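Residues per chain, in single letters:
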Amino acid sequence: MRARPGKPPYAGLTDVGRVRAHNEDSVLMEPPLFAVADGLGGHEAGEVASGIAVSALVDAAPSHADAKALGRAVRAANRAVISAAREGRGREGMGTTLTAAMVEGTRVVVAHVGDSRAYLLHGDVLERVTGDHSMVADMIRQGTLTEEESRVHPNRSVITRALGTDPNMYADTFEVDASPGDRLLLCSDGLTGMLTDERIAEVLGAYGDPEMAVRMLVDAANEAGGHDNISVVVVDIEGESASTTPARSHRGWLAVLVWTLAVAAVIGIAVWGTYRYASERAYLVAEDGVVVVYRGVPGEFAGVSLSWLENETTITVGLLDPVTAGRLGQGIPVEDLDAANALVEQYRSIAEARSGETDISPEGP
Ligand code: MN
């Protein structure tokens, strides 16, 4: 689906078709901004309207893919078309559709007025991003007409919203989370009036090179009759993530906060648990030659000592057997203070016995 190395990942083409004398469509490819406009008004006025709309869109477009801001840019383009007609450029009553998209990585925003469409091809599934502002589309939504019937309906080209007449006109806006490898299509009704969505999906998916894809789509519409001007813009969605969008970064902050709290909670529970554990334990250790009892645990945890002096005995470590004396040098942990006191009594009796032994044992000659 990707463009060949060295070629841009997008392409566009506008063609007069096989019936009309003029091409009143305009296409725009100024990444990240892309647009298709289908002018109305006849006598070349449609061409003026679509051209003014596209250049006003460029002037008013936001610098980043922001759907609402792109919608405002379409409204600015509407005012530009209305002003132009009043100033005598083109004709009074001229108008145009406008379907604009901004593509930043996998983030796609669309602003749309009229019956030019935006589609997204994902794998071999072609999804319509926009909903036509047209009489037949309203009838389909109301259930009084089928998609199939709309293709031959006499009022199929009557649009219900356009740039150039109503100063209060607004654009529909869309935000799409595309995937790398997806393909965005913007097109005028000269394509969709001639080809079904199934056929569009087939041709769009058959050519990896976007330039080839737009050429083959225009050719297919012409082969099907070319009743109207045909405009096609194809943009391949590349691999960059959409993580720089404000909405995403907001969620990012929330995630960081949640994780920080979770980690703090885990550390808090660990510290509290360790403290609880330590405060209930006890140990015996040799200090200054005597046995000393501490509540807590020997050593330090994260630089913090968790022990409290409980009892300095008079038991001389040197009177105990060498193995016990060695263990006392490092500290002998026990279950609790009761166990510590029991062990102290045991050592005391051993020491006293040894001390007595020493006292009564006669010195060698
Ligand atoms: Mn058209």
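If you're wondering where the values come from, they're calculated on a predicted model, not measured in any experiment. (Residues numbered from 1 in each chain as written. Predicted model: local features only at pLDDT ≥ 70, side-chain atom pairs only at ≥ 80, totals over all residues. Heavy atoms only, no water.)

S.K.: Just checking my understanding: could you explain the overall build of the protein chain for this structure?
M.R.: Per the secondary structure count, the protein chain includes 10 helices and 15 strands. For the protein chain, whose C-alpha radius of gyration is 41 Å, the value lies well above the compact-globule estimate of 21 Å for 365 residues. Structurally, the protein chain occupies a C-alpha span of about 135 × 45 × 40 Å along its principal axes. Relative to its 365 residues, the protein chain shows a buried fraction of 43%. Expressed as a percentage of contacts within the protein chain between residues at least 6 apart in sequence, the contacts between residues at least 24 apart total 68%. Just so you have it, the protein chain exposes about 18,800 Å², and 54% of that area is on carbon and sulfur atoms. Seen as two clouds, the 30 positive and the 52 negative side-chain charges of the protein chain have centres 8 Å apart. (Helix = DSSP H or I, 4+ residues; strand = E, 2+ residues; numbered from the N terminus. Rg over C-alpha atoms; globule rule 2.2 N^0.38 Å. Buried < 20%, exposed > 50% of the residue type's maximum accessible area, 1.4 Å probe, protein only. Contact = heavy atoms within 4.5 Å. Areas by Shrake-Rupley, 256 points an atom, 1.4 Å probe, with all protein chains shown as cover. Lys, Arg positive; Asp, Glu negative; His and termini not counted. Charge placed at Lys NZ, Arg CZ, Asp CG, Glu CD.)

S.K.: Help me understand the nonpolar core, please; the structure alone is not making it clear to me.
M.R.: Generally speaking, nonpolar side chains in soluble globular proteins are found buried as a group. L57, L70, V74, M94, L98 and L163 are the most contacted members of the largest nonpolar core, which has 30 residues in total. Those elements that provide at least two residues to this core are β3 (33-40), α1 (45-60), α2 (67-86), β5 (98-104) and β6 (107-113). Tallying contributions element by element places α2 first for this core, with eight residues. Every residue in contact with M94, bar those within four places of it in the chain, is listed here: L40, A45, V48, A49, I52, V81, A84, A85, R89, L163 and G164. (Core = buried A, V, L, I, M, F, W, Y, C linked by side-chain atoms within 4.5 Å.)

S.K.: Honestly, the confidence of the model for the protein chain in this entry has me stumped. Any pointers?
M.R.: The predicted structure's coordinates, where accompanied by low pLDDT, should not be read in detail. Chain-level statistics for the protein chain give a pLDDT mean of 89 and a share of 92% at 70 or above. In the model, residues 241-249 has pLDDT below 50 throughout and makes nine contacts with residues more than four positions away in sequence or in other chains. Here residues 360-365 is modelled with pLDDT under 50, and outside its nearest four sequence neighbours on either side it reaches zero contacts, counting other chains as well. (pLDDT = per-residue confidence, 0-100.)

S.K.: Whenever I open this one, the coordination of the manganese ion confuses me. Can you help?
M.R.: Reference values for coordination geometry: four tetrahedral donors around a metal ideally subtend 109.5 degrees, six octahedral donors ideally subtend 90 or 180 degrees. Every protein donor of the manganese ion is accounted for by D38 (OD), D189 (OD) and D228 (OD), and the metal-donor separations fall at 2.0 to 2.3 Å. Summarised as a motif, the one-chain spacing of the donors to the manganese ion is D-x150-D-x38-D. Separated by 151 residues along the polypeptide, D38 in strand β3 and D189 in helix α5 (residues 189-192) bring together distant segments of the chain. Judged by its relative accessible area of 6%, D38 falls in the buried class. The buried category is assigned to D189, whose relative accessible area is 16%. (Donors = N, O, S within 2.8 Å, 3.2 Å for Na, K, Ca; no water.)

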